[in-house]
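So you can see what is in the structure, the chains are spelled out below.
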Amino acid sequence: GQNIDQPTEMTATEGAIVQINCTYQTSGFNGLFWYQQHAGEAPTFLSYNVLDGLEEKGRFSSFLSRSKGYSYLLLKELQMKDSASYLCAVLNNTGGFKTIFGAGTRLFVKA
Amino acid sequence: EADIYQTPRYLVIGTGKKITLECSQTMGHDKMYWYQQDPGMELHLIHYSYGVNSTEKGDLSSESTVSRIRTEHFPLTLESARPSHTSQYLCASETGTGNTIYFGEGSWLTVV
């Protein structure tokens, strides 16, 4: 089977750094995505990691360790508009390629 | 910027009615998906397609059906709507390169 775990909620302060963790167990792993979803809106793509290591994109960075089944999304210089849900999703190729989403982590940024 | 469109955006219908949610993309993507998401809850995959004439059921049991007669079009149909079908339905398509999923804006369905 497959399982994706991430914390349900996190709170951080404006200007700070926050790390959102994601662990997964899946057969046929092909890559890991992070999506951002503001309340009432559709998810939008943030990052895609295939190889181990850190990928940096502006204020957001994503890390992957395939051997540990672990990823994190790092958000720096937090802004109020970063308050959203962050979805970890795994690209799985068992029985065809499919993207499986975690339940998401709701991030609250306070002043 | 992704070009994937859903209609209607918001709909209120009576129990027992038939409804089709439309989804179209102009990017030529082969893979398309339908997700169901209740407010503040996780995404659930209900249907997906690898291309024309391909349709598969997702992880969440659904009383809806889909068709894929053309690459750009992936409609979802509820033959007889019930209040339990009240939810947001998100259509998505996927690039072949990098496998990035692009979502439509969603269709909010309320069955009364």
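We now turn to the structure provided with this report. (Residues numbered from 1 in each chain as written. Chains lettered and ligands numbered in written order. Predicted model: local features only at pLDDT ≥ 70, side-chain atom pairs only at ≥ 80, totals over all residues. Heavy atoms only, no water.)

A few words now on the overall build of chain B. The helix and strand inventory of chain B stands at zero helices and eleven strands. Start at the N end of chain B and walk to the C end: the helices and strands fall as β-β-β-β-β-β-β-β-β-β-β. The C-alpha atoms of chain B give a radius of gyration of 13 Å, which matches the 13 Å a tight globule of 112 residues would have. Counting only C-alpha atoms, chain B reaches 40 × 30 × 25 Å along its principal axes. Put simply, chain B has 112 residues, and 48% of those count as buried. Considering only contacts within chain B whose residues lie at least 6 apart along the sequence, 52% involve residues at least 24 apart. Here chain B contributes 8 positive and 13 negative side-chain charges, whose respective centroids are spaced 8 Å apart. (Helix = DSSP H or I, 4+ residues; strand = E, 2+ residues; numbered from the N terminus. Rg over C-alpha atoms; globule rule 2.2 N^0.38 Å. Buried < 20%, exposed > 50% of the residue type's maximum accessible area, 1.4 Å probe, protein only. Contact = heavy atoms within 4.5 Å. Lys, Arg positive; Asp, Glu negative; His and termini not counted. Charge placed at Lys NZ, Arg CZ, Asp CG, Glu CD.)

Right, let's get into the side chain of S107 of chain B. Residues and elements named next belong to chain B. Within the secondary structure, S107 is located in strand 11 (residues 107-111). According to the relative accessible area criterion, S107 is buried, its value standing at 1%. For S107, the side chain forms a polar contact with the side chain of Q6, separated by 3.3 Å. S107 has contacts with Q6, T7, P8, R9, L21, S87, Q88 and Y89, leaving out every residue within four places of it along the chain. (Polar contact = N/O pair within 3.5 Å; in protein donor to acceptor, adjacent residues only side chain to side chain.)

Our next topic: the state of the cysteines. Residue and element names in this part refer to chain A. By the definition in use, this model includes two disulfides over all chains. Two residues, C22 and C88, share a disulfide whose sulfurs are 2.0 Å apart. Between C22 and C88, the S-S dihedral sits near -70°, and the bridge is therefore left-handed. Here C22, found in strand 3 (residues 18-25), pairs with C88, found in strand 9 (residues 84-92); they are 66 residues apart in sequence, far enough to count as distant. Exposure class is identical for C22 and C88. Each is buried. (Disulfide = S-S within 2.5 Å.)

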